[in-house]
Amino acid sequence: MEAPKFESMTDSFGRAVNYLRVSVTDRCDFRCTYCMTENMSFLPRDELLTLQELERLCMVFISKGVRKLRLTGGEPLVRKGMMHLVRALGRKIGSGLDELTLTTNGSQLALHAAELAEAGVRRLNVSLDSLQAEQFRRITRRGELSMVLEGIQAALGAGLGIKLNVVAMRGVNEEEIPDIIRFAHGQGMDVTLIETMPMGDVGEDRSDFYLPLSELRRTLADHFTMLPMDYRTSGPARYVEVAETGGRLGFITPMSHNFCESCNRVRVTCTGTLYMCLGHEDAVDLRAVLRSGADDVEVGRVIDGGIARKPRGHDFVIGRGEKPAIRRHMSVTGG
Ligand code: SAM
Ligand code: SF4
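Just so it is clear, the model here is predicted, and its values are computed rather than measured. (Residues numbered from 1 in each chain as written. Chains lettered and ligands numbered in written order. Predicted model: local features only at pLDDT ≥ 70, side-chain atom pairs only at ≥ 80, totals over all residues. Heavy atoms only, no water.)

Asker: Would you mind showing me how to read the site of ligand 1 here?
Answerer: Within the structure, ligand 1 sits among 19 residues, and Tyr34, Gly74, Ser127, Val167 and Met197 are positioned closest to it. Between Thr104 and ligand 1, the recorded distance is 3.2 Å, taken from a backbone N or O atom to an oxygen atom. Here an oxygen atom of ligand 1 sits 2.5 Å away from a polar atom, N or O, in the side chain of Ser127. Protein coverage of the free-state accessible area of ligand 1, which is 540 Å², stands at 95%. Put simply, the parts of the chain that give the shell around ligand 1 at least two residues each are β3 (99-104) and β5 (161-167). Here the shell around ligand 1 is composed, by residue class, of 6 nonpolar, 10 polar and 3 charged. (Near = heavy atom within 4 Å. Polar contact = N/O pair within 3.5 Å; in protein donor to acceptor, adjacent residues only side chain to side chain. Areas by Shrake-Rupley, 256 points an atom, 1.4 Å probe, with all protein chains shown as cover. Helix = DSSP H or I, 4+ residues; strand = E, 2+ residues; numbered from the N terminus. Nonpolar A, V, L, I, M, F, W, Y, C, P; charged D, E, K, R; others polar.)

Structure (structure tokens):
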């Protein structure tokens, strides 16, 4: 039987949507202070898409023009059977997909790095907010720094390119950021600095440690010569080259700078909800469609309905004592 033909996805502002982020689980072995509460309750299993449903949905998106797919979570590598999904998607590289990537906290990376490389993954984002074991433990509430460092070494050893994601927090890891940059660049890794975003109630006032990157950038200028560069990934980061290290340093500033005009992405949560924008509540329930017995053409049509509603941009605001602008946690939507 001939595979169904799909329309590629372009939103009402003429932006081609070719980048999909999929959160494969809301569960995680860490409880990072900016992301979750200490006693986070996770979703009942039947609310999550099965791995088969995730695979099917990803395949429909790939047929509709998604060229780059990022698996995230929660922690993607804690989902049982995850490597099966990675291998299935890896087989689409070169026949639909240009790139398959993961965002991970690195805790399970030592176990999976070689297999990820074999499946066709070439690059990973690894989140690392501190190089001091105790501080790392405080931020993640239960993470073991040494395991993440081992995971990073295993991934580099398997030939994977790594970008470290660092959430910049005032009075927490602020002072350490120059060291993290030197550490990463010393091993050929890029670094991206991220501002805290007001997503999900985390039981703390995030504005206490909100550090605008414009301010951090001024401090970093005392340590490094930051040269403008044209380098762009398909993500929202803007990069500079650090003259002293020769490495790349990216800034993601959703709060202080609007990066929406070139947005090419949509997200699917672990429950199969399609969000057209990280900063809006508008969504499409794809799980219901998948479970209704609809064929792939029908699933594609429902996706198109969502893409047509992709908003022009987000409207995040972070203010003292304010409720999170977006109620869902990043671990459900996928960072
Ligand atoms: N568990 C994986 C990890 O930590 O890399 C993948 C999921 S995590 C939600 C993805 C990224 O989102 C991480 O780099 C994390 O630091 C970031 N993140 C989570 N909550 C955030 C928030 N409220 N503001 C900014 N970044 C956040
Ligand atoms: Fe887990 Fe990633 Fe959230 Fe940290 S940021 S709690 S590692 S999902």
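Read on, since the account is not over.
Asker: Which parts of the structure should I look at to understand the side chain of Asp11?
Answerer: Its place among the elements puts Asp11 in the segment before β1 (19-23). Polar side-chain contacts of Asp11 include one of 2.7 Å to the side chain of Arg15. In contact with Asp11, other than residues within four places in its own chain, are Ile307 and Lys310. (Contact = heavy atoms within 4.5 Å.)

Asker: Would you mind going over the pairing of strand β6 (residues 190-194) with me for this structure?
Answerer: Regular strands show a simple pattern: their side chains alternate between the two faces of the sheet. In terms of burial, β6 is a largely internal element, 5 of the 5 residues being buried. Of the two faces of β6, the one lined by Asp190, Thr192 and Ile194 and the one lined by Val191 and Leu193 are each fully buried. Pairing of β5 with β6, which is carried by 5 bridges, proceeds in the parallel orientation. Across the sheet, Leu164 pairs through a bridge with Val191, a residue of β6. The parallel pair β5 and β6, bridged by helix α6 (residues 177-186), forms a crossover whose chirality is right-handed. (Buried < 20%, exposed > 50% of the residue type's maximum accessible area, 1.4 Å probe, protein only. Pairing = 2+ DSSP bridges. Right-handed = clockwise from strand over helix to strand, strands pointing away.)

Asker: What's the story with the site of ligand 2 in this structure? I'm lost.
Answerer: In the neighbourhood of ligand 2, the contacting residues comprise Cys28, Phe30, Arg31, Cys32, Cys35, Met36, Gly74 and Asn105. For the shell around ligand 2, the class distribution of residues is 5 nonpolar, 2 polar and 1 charged.

Asker: Can you help me understand the environment of Arg45 in this one?
Answerer: Summarising the element assignment, Arg45 is placed in the loop between β1 and α1 (51-63). On the basis of relative accessible area, Arg45 is assigned to the exposed category, the value being 61%. Sequence separation between Arg45 and Thr271 is 226 residues, and the spatial gap between their C-alpha atoms is 9.5 Å.

Asker: Before we go on, may I ask you to explain the pattern of salt bridges in this structure?
Answerer: Two side chains bearing opposite charge may form a pair once their charged atoms approach each other closely. Under the counting rule described, the total for this entry stands at 15 salt bridges. In this structure, Lys64 engages Asp304 in a salt bridge whose closest nitrogen and oxygen atoms are separated by 2.7 Å. Within this pair, whereas Lys64 is found in the loop between α1 and β2 (68-72), its partner Asp304 is found in helix α9 (residues 296-307), the two being separated by 240 residues in sequence. A salt bridge links Glu144 to Arg137; the nearest nitrogen and oxygen atoms lie 2.8 Å apart. With relative accessibility at 36%, the residue Arg137 sits in the partly exposed group. Among the charged side chains, a network of salt bridges with common partners joins Lys68, Glu99 and Arg123. (Salt bridge = Lys/Arg side-chain N within 4 Å of Asp/Glu carboxyl O.)

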